[in-house]
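Observations on the three-dimensional arrangement
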Amino acid sequence: MSSLSSKSISKSLQSLLDTLNTVILGKETQIKLAVTCMLAKGHLLIEDLPGMGKTTLSHALARALGLSYNRIQFTSDILPADILGVSIFEKDSAIAGSNEQHGTFRFHPGPIFSQLVLADEINRATPKAQSALLEAMEEGQVTIEGETRSLPTPFFVIATQNPVSQSGTFPLPESQLDRFLMRISIGYPDAKSELELFNGVDRRAMANNLPKHIDINQLQALQEQVNQVHASQSVLEYMQRIIHFTRFEGGYSYGLSPRGGLGLLRAAKAWALIHDREHLIPEDIQAVLPSVLDHRLAEAAQQGKTNPSVYVLQRIPVFS
Amino acid sequence: MIQNNFPRNGLIWLLVSLICVYLPLQAQLPLWTALVFISVVAWRWMMHLGRWPYPNKLVKVLVVVLGVGAVLVSAQGQFHLESATSFILVASLLKVLEIKTQRDGYIVIFLSFFLLSISFLYAQGILITLYSLFAVWVLMSALVGLHQNQYSEQSTPVRIKTAGKTSFQILLLSLPLMLILFILFPRMGPLWSLNLQSDKAKTGLSEQMSPGDIAELSNSDELVFRVAFKDKVPANHQLYWRALVLEKHQITNGQSQWSVSKKVPPIDWYPKSWQPEPKDGVLDYTIIQEATSKKWLVGLRGVAAMEKGIGMTDTDLIVSNKKLHQRKEYEVRSWPSMDIAKQGIHSLTRQQNTQLSLSPQGTISNPQSYLLAQTLYRNHNTDLARVEAVMAYFSDQPFSYTLKPQRMAENDIDDFLFNQQAGFCAHYSSSMVFVLRSMGIPARVVAGYQGGELNKESGHITVRQYDAHAWVEVWLAGIGWKSFDPTAQVAPDRINLGLRDSLTDQAEFLSNSGLSLTKLSSFPLFNQLRLQLDELNYFWHQTVLNFNKQRQGNLLKKWLGNDFLSTSLYWLAGLFCTVFLLLTLFLLWQRPNKKRSPIEKALSVLDKKMHRYQLQRQANEGLADYSQRLQLAFPEHKDSIRRLLQQLQEHYYSKQKAQTLREKESKISIQIKGLAGKLKLKDQ
């Protein structure tokens with residue numbers, strides 16, 4: 001594992017972000033958040049309408065980070081085997097070391113065996129299929145037919161779902177939403193970006209041809225670097241006040257779990273790293289809080305308060 | 001700090017509770033407060049609907065100035081209870097316009113609790129108590145409404161109902177505690193007493209009687225005192241409740257005035273004072289007298305003080321050693337048939353009781369009456385016969401009884417005796433004493449109350465202001481002081497039945513008192529209701545309002561059987577209070593009082609400066625965002641702002657060792673203060 005100097009970190013991260021920004025136009029914040037999520041070793045949920053560039057973004061990320069990439073289109077009839085893989089009897093195959101042709105079961109790995117998996121329209125699949133993916137996300141390994149197989153490292157899942165509840169969807173329950181470190185939505189581009197989009201080349205092709213900016217070793221080094229970001233007592237207390245508020249004061253039926261809190265800290269640190277800072281400031285937490293908190297508390301929030309992060313941030317003073 | 005907004009749903013309960021608190025007070029306050037109240041409630045409601053804005057600073061200042069001005073004008077430069085009440089009422093009403101946060105809601109509700117207890121200063125009857133209980137329930141509901149979760153899915157009517165239910169449960173739970181505290185909590189005397197009634201508002205006997213005063217009292221059905229006789233209740237015509245003896249005669253504007261002589265009478269205080277032995281003809285009774293802010297007490301003829309703090313004067317009256325700022329219950333013993341000063345009276349007393357003022361011109365006033373006196377004196381041999389002749393004069397001549405006589409001309413007694421011949425007790429007693437004194441017979445006006453209303457169920461007598469009366473006492477050699485009532489000669493019903501029954505049909509009785517149950521007493525149903533209510537109130541006064549230290553001690557002794565236990569209760573309460581006080585002080589002392597570092601001080605200097613430009617740092621704003629904002633606002637200082645706030649941020653959040661920073665700390669803070677001085681918006 002190569003240790004990176006702070007200068008080269010900022011340089012490689014900056015060029016990564018710049019490249020991604022040429023593919024998805026005018027969405028610097030969302031791209032930063034997506035990269036933050038990767039640096040914080042978290043899975044990403046993108047919630048948006050079809051055709052907003054979700055797939056392009058994930059494809060571009062995979063290319064730019066030099067990760068192997070697979071896409072699973074979730075449908076209502078998809079089965080766990082379609083995701084995880086299946087053992088198939090091969091008549092012509094031989095047991096290793098023998099020449100006899102007996103025919104054996106051979107495991108055909110599913111699309112999940114890749115470093116970056118795009119799970120498209122995850123809420124279209126049945127809970128059974130969803131849970132197959134979500135288990136893999138949590139454990140980093142899958143067990144098929146009694147045999148445990150490790151997933152490649154690093155292992156990221158970028159899942160997309162449509163916000164509009166359409167017929168034949170199975171919304172993810174809270175426990176499974178919690179597996180995603182962050183949830184972002186991309187949103188419509190502004191006028192300038194859209195005109196540029198019309199004039200430019202095909203973005204999908206562009207994503208496919210992106211050069212590799214960071215190799216896996218560098219990525220892992222960066223992830224290691226995230227842990228080195230210093231969080232002072234003051235900023236930790238600020239974060240704790242936020243978490244406490246979601247649990248006991250904000251009027252939510254439940255608050256942010258300790259796992260969510262740790263995720264928030266990691267995401268904020270990654271955000272600080274992207275901004276080339278060696279210490280955490282309250283603004284880092286404020287920046288990542290919406291994508292970390294809102295999907296976790298979506299069910300807990302009552303009507304009229306579907307943006308818990310906005311509500312919480314207004315009420316918690318930075319200095320106690 | 002974090003402030004929650006005032007919940008919209010809480011407003012309905014709050015407004016209802018305001019109305020509840022306001023209603024009993026309005027009866028005591030000038031009418032303009034009603035205008036303030038209605039406009040505030042209407043304004044607040046329009047604000048709730050979003051049609052009208054919150055008042056801005058100018059409007060607030062204007063409204064406050066107007067409110068204070070109105071209070072001052074209606075107080076007419078005097079400080080009394082009404083002006084203080086209207087001041088606090090107006091102040092708390094204006095606060096309603098300002099409600100924005102939950103905390104404002106608390107303030108208004110706590111003020112309302114205070115206002116509610118203020119209304120007890122005016123009345124303490126059972127009805128107002130029950131009403132207050134209701135008002136407390138509404139106030140508690142408003143308090144609950146203030147705490148209702150703003151984000152719950154309940155609809156407004158459900159929330160309102162829930163708040164009412166919750167507060168009702170709270171009240172029910174606290175009821176036993178209230179009873180225990182009422183019975184057990186040590187009764188301490190008031191730390192200070194205040195004259196709650198302004199003199200103008202209070203009707204009652206005054207120490208100076210000019211004709212017309214008592215007629216004014218007949219317009220009031222206010223309670224004066226209640227009496228419970230131990231044994232048989234005497235007949236109505238025997239009930240002359242003596243309160244004041246008016247010996248001094250004066251002439252003002254041609255009108256005779258009688259007043260209490262200024263000399264301080266020798267007072268025998270209980271237990272040194274005279275007491276009759278209980279025997280036939282001696283009456284024992286208990287009086288519960290309402291506050292008068294005077295010292296006089298009431299009693300029948302031949303009165304004797306029966307408890308500590310009460311003394312007897314040489315004019316056969318009992319007085320309290322303190323002014324009656326509160327309701328007082330006391331035991332009295334009377335021997336109405338006793339001879340008073342049979343052996344003779346002191347020459348000074350004789351002089352006082354034969355004194356007559358001259359007219360301002362230095363001549364004898366009321367010459368016609370003087371002449372009548374001379375004639376009567378010559379025609380009869382004994383003083384008793386002369387007095388009876390005066391009484392006969394009233395019954396022989398066509399005198400009539402009216403509460404609304406014409407105004408008397410100069411030499412009013414002449415005008416009354418020979419021209420108008422229509423008046424009420426004050427006129428009759430005044431002229432009779434004048435005539436008697438003209439003959440040299442010692443006589444005096446006694447002011448007090450006559451009769452009262454007997455409640456047959458409970459056996460107590462209720463005396464109200466309209467029972468006020470004045471009659472005459474004459475000293476006769478060999479007999480002593482003897483009472484005569486010239487009014488009885490003219491209007492016997494007034495004495496035998498009481499004013500209420502003798503004048504029920506006349507429009508002049510209680511003509512100013514508006515709707516009053518007494519007025520309706522000719523309807524049997526209402527009369528029954530009135531009497532029952534009166535009985536209830538009597539019970540209330542006797543058991544609850546007069547539950548004083550002595551009664552509490554007796555009750556505890558009865559229950560616990562031991563004096564030690566009740567005293568130890570006092571000690572326990574004292575201990576509790578002390579511990580509570582100390583704990584409060586300790587907690588106040590312990591309040592986090594963080595020492596601020598130089599950097600924090602410098603930052604607050606900068607914040608204060610920015611506050612002037614409305615650019616102050618928000619509580620939820622980090623330093624980086626603050627820096628961004630300031631850089632935009634002050635482009636010419638962009639670099640120094642960025643540099644300094646960057647350093648500040650590192651001071652708070654970076655990993656660098658605190659020690660190295662401490663050296664820089666003072667430097668940074670000086671620079672920040674310098675920056676704060678430099679920053680100026682160009683267009684200001």
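Residues numbered from 1 in each chain as written. Chains lettered and ligands numbered in written order. Predicted model: local features only at pLDDT ≥ 70, side-chain atom pairs only at ≥ 80, totals over all residues. Heavy atoms only, no water.

Observations regarding the overall build of chain B
Regarding its fold elements, chain B presents 23 helices and 18 strands. Partitioning the contacts of chain B with sequence separation of at least 6, the portion at a separation of at least 24 is 72%. Here chain B displays about 36,600 Å² of accessible surface, and carbon together with sulfur accounts for 60% of that area. (Helix = DSSP H or I, 4+ residues; strand = E, 2+ residues; numbered from the N terminus. Contact = heavy atoms within 4.5 Å. Areas by Shrake-Rupley, 256 points an atom, 1.4 Å probe, with all protein chains shown as cover.)

Some words on the overall build of chain A
Within chain A, the secondary structure is distributed over 13 helices and 9 strands. Looking at chain A as a whole, 51% of its 320 residues are labelled buried. Nonlocal contacts in chain A, meaning residues at least 24 apart in sequence, comprise 77% of its contacts between residues at least 6 apart. As presented, chain A carries roughly 14,500 Å² of accessible surface, and 50% of it is formed by carbon and sulfur atoms. (Buried < 20%, exposed > 50% of the residue type's maximum accessible area, 1.4 Å probe, protein only.)

Some points on the environment of T375 of chain B
Residues and elements named next belong to chain B. As for its position among the elements, T375 is in helix α10 (residues 367–379). T375 sits in the partly exposed class, given a relative accessible area of 34%. For the pair T375 and M439, spaced 64 residues apart in sequence, the C-alpha separation works out to 9.5 Å. Reaching out from T375, the side chain makes a polar contact with the backbone oxygen of L371 at a distance of 2.7 Å. (Polar contact = N/O pair within 3.5 Å; in protein donor to acceptor, adjacent residues only side chain to side chain.)

Overview of empty space enclosed by the protein
Residues and elements named next belong to chain B. The full count for this structure, using the stated rule, is 4 cavities of 30 Å³ or more. The volume enclosed by the largest cavity comes to roughly 60 Å³. Every residue along the wall of the largest cavity is listed here: L18, V21, Y22, F37, L89, S92, L93, V108, L111, S112 and L115. Elements with a contribution of two residues or more to the lining of the largest cavity: α1 (10–26), α4 (81–97) and α5 (102–118). If you tally residues by element for the lining of the largest cavity, the top one is α5, at 4 residues. Taken together, the residues of the lining of the largest cavity sort by class into 9 nonpolar, 2 polar and no charged. (1 Å grid on protein atoms, 1.4 Å probe; cavity = no way out; pocket = protein on both sides within 12 Å on 5 of 7 lines; lining within 4 Å. Points joined across faces, edges and corners; volume = space filled by probe spheres on them. Nonpolar A, V, L, I, M, F, W, Y, C, P; charged D, E, K, R; others polar.)

Comments concerning unusual backbone geometry
The omega torsion of the bond from T153 of chain A to P154 of chain A falls at -15 degrees, within 30 degrees of zero and hence cis. Its location among the elements puts P154 of chain A in the loop between β7 (147–150) and β8 (156–161). Residue P271 of chain B is bonded to the preceding Y270 of chain B through a cis peptide linkage, with omega at 5 degrees. Examined against the element boundaries, P271 of chain B turns out to sit in the loop between β6 (268–269) and β7 (283–289). Positive phi outside glycine occurs at K41 of chain A, with the angle close to 60 degrees. Position of K41 of chain A relative to the elements: it lies in the loop between α2 (28–39) and β1 (43–47).

Re the pairing of strand β5 (residues 116–120) of chain A
Residue and element names in this part refer to chain A. Judged by how many residues are buried, β5 sits mostly within the fold: 5 of 5 residues are covered. Across 5 bridges, the pairing between strand β2 (residues 69–73) and β5 is parallel. Considered in β5, the bridge of R71 is made with L118. Examined bridge by bridge, β5 and β8 share 4 bridges and lie parallel to one another. (Pairing = 2+ DSSP bridges.)

As for the pairing of strand β2 (residues 223–229) of chain B
All names here are of chain B. Counted residue by residue, β2 has 7 buried out of 7 residues, so it is predominantly covered. The pairing of β2 with strand β16 (residues 460–464) spans 5 bridges and is antiparallel. Its bridge partner being in β16, L223 is matched across the sheet by R464. Bridge count for β2 against β7 is 5 bridges, and the pairing is antiparallel. Bridging across to β7, A228 finds its partner in T286.

Side note on the pattern of salt bridges
All names here are of chain A. A full pass over the atoms with the stated rule returns 26 salt bridges over all chains. The shortest N-O distance in the salt bridge between R296 and D178 comes to 2.6 Å. Of this pair, R296 sits in the loop between α12 (282–293) and α13 (308–315) while D178 sits in the loop between α6 (174–177) and β9 (180–184), and the two are 118 residues apart along the sequence. Across the pair, D178 and R296 agree in class, each one buried. (Salt bridge = Lys/Arg side-chain N within 4 Å of Asp/Glu carboxyl O.)

Some remarks on the interface of chain B and chain A
Listed per partner, the contact involves 20 residues of chain B and 25 residues of chain A. Summing the contributions of chain B and of chain A, the shared interface buries around 2,100 Å²; its carbon and sulfur component is 54%. If you look at where chain B meets chain A, you find 8 residue pairs in polar contact (both at pLDDT 80 or more). Among the elements of the structure, α21 (623–633) and α22 (638–653) of chain B are those that each provide at least two residues to the side of chain B that touches chain A. Per-element accounting of the side of chain B that touches chain A gives the leading share, 4 residues, to α22 of chain B. When its residues are assigned to classes, the side of chain B that touches chain A shows 7 nonpolar, 6 polar and 7 charged. (Buried area = accessible area lost by both parts, 1.4 Å probe.)

As for α2 of chain A
An α-helical turn contains 3.6 residues, so a residue and the one three or four places further along point in the same direction. Residue and element names in this part refer to chain A. For α2, which comprises 12 residues, the first-to-last C-alpha distance of 16 Å matches the rise-based estimate of 16 Å (1.5 Å per residue) to within 8%. Most of α2 is tucked away, with 9 of its 12 residues classed as buried. Just past α2, the residue K41 takes up positive phi, approximately 60 degrees. (Expected span 1.5 Å × (residues − 1).)

A look at the sheet that holds strand β9 (residues 310–312) of chain B
All names here are of chain B. Strand order in the open sheet formed by 3 strands is β6-β9-β10, and the pairing between neighbours is antiparallel. Strands with a single pairing partner mark the edges of an open sheet, and in this sheet they are β6 and β10 (318–320). Of the pairings in the sheet, the one linking β9 to β10 comprises 3 bridges and is antiparallel in character. Bridging across to β10, M312 finds its partner in I318.

Points about the sheet that holds strand β15 (residues 453–454) of chain B
All names here are of chain B. An order of β8-β11-β7-β2-β16-β15 is seen for the 6 strands of this open sheet, with the pairing classed as antiparallel. Each of the sheet's edge strands pairs with one partner strand only, and the pair in question is β8 (303–305) and β15. Against the sheet, helix α17 (residues 524–545) contacts β2, β7, β15 and β16, and its axis sits at roughly 80 degrees relative to β2. (Axes fitted to C-alpha atoms, helices over the stretch in contact; angles between N-to-C directions.)

Some thoughts on a nonpolar patch on the surface
Residues and elements named next belong to chain B. Together, F168, L172, L175, M178 and L179 make up an exposed nonpolar region whose accessible area comes to about 470 Å². Here L172 is to be found in helix α7 (residues 156–184). Since its relative accessible area comes to 48%, L172 is described here as partly exposed. (Patch = residues over 30% accessible without salt bridge, like charges linked within 9 Å, V, L, I, M, F, W, Y side chains within 5 Å.)

Considering the packing of helix α3 (residues 57–75) of chain B against α4 of chain B
Pairs of packed helices are described in terms of their axes, by the angle between the two and the distance that separates them. Residues and elements named next belong to chain B. Two elements in contact, α3 and α4, have axes separated by 9 Å at closest approach and are oriented at 165 degrees. Considering the angle they form, α3 stands roughly antiparallel to α4. Considering the relative orientation of α3 and α4, their crossing is right-handed. Residue-level contacts link V63, V64, G67, V68, V71 and A75 of α3 to S83, S86, F87, V90 and L94 of α4. A class-by-class count of the residues in the contact of α3 with α4 yields 8 nonpolar, 3 polar and no charged. (Parallel < 35°, antiparallel > 145°, perpendicular 65-115°, else oblique. Left-handed = near helix turned anticlockwise from the far one by under 90°.)

Overview of the packing of aromatic side chains
Counted according to the given criterion, the structure contains 28 aromatic pairs over all chains. With 5.1 Å between their ring centres and 80 degrees between their planes, F416 of chain B and Y428 of chain B make a pair best called edge-to-face. Taken together, the residues span a long stretch of sequence, with F416 of chain B in helix α12 (residues 412–420) and Y428 of chain B in helix α13 (residues 425–438) at a distance of 12 residues. Joined through ring pairs, the aromatic side chains of Y393, F394, F399, F416, F418 and Y428 of chain B make up one cluster. One residue, R149 of chain A, lies across the ring of F107 of chain A, its end atom 3.7 Å from the ring centre. (Phe/Tyr/Trp six-rings, centres within 6.5 Å; stacked < 30°, edge-to-face > 60°. Lys NZ or Arg CZ within 6 Å of the ring centre and 35° of its normal.)

Examining α17 of chain B
Residue and element names in this part refer to chain B. Between its terminal C-alpha atoms α17 stretches 30 Å, which fits the 32 Å expected from 22 residues at 1.5 Å a residue. What α17 keeps buried is the set N527, R530, D534, N537, Y538, W540 and H541. Burial along α17 is one-sided: seen end-on, the buried residues are contained in an arc of 160 degrees. Of the residues in α17, the exposed ones pointing more than 90 degrees away from the buried face are P524 and L525. (Arc of directions from axis to C-beta.)

A short note on the side chain of Q30 of chain A
Along the chain, Q30 of chain A falls in helix α2. Contact partners of Q30 of chain A, with chain neighbours within four places excluded, come to I184, S185 and I186 of chain A.

Thoughts on the environment of R327 of chain B
Residue and element names in this part refer to chain B. You can see R327 is positioned in the loop between β10 and β11 (328–334). Judged by relative accessible area, which is 17%, R327 ranks as buried. Remark: the alpha-carbon pair of R327 and T292, spanning 35 residues in sequence, is separated by 8.3 Å. With residues up to four places along the chain from it excluded, the contact list for R327 reads Q124, I288, Q289, E290, A291, H541, L545 and N546.

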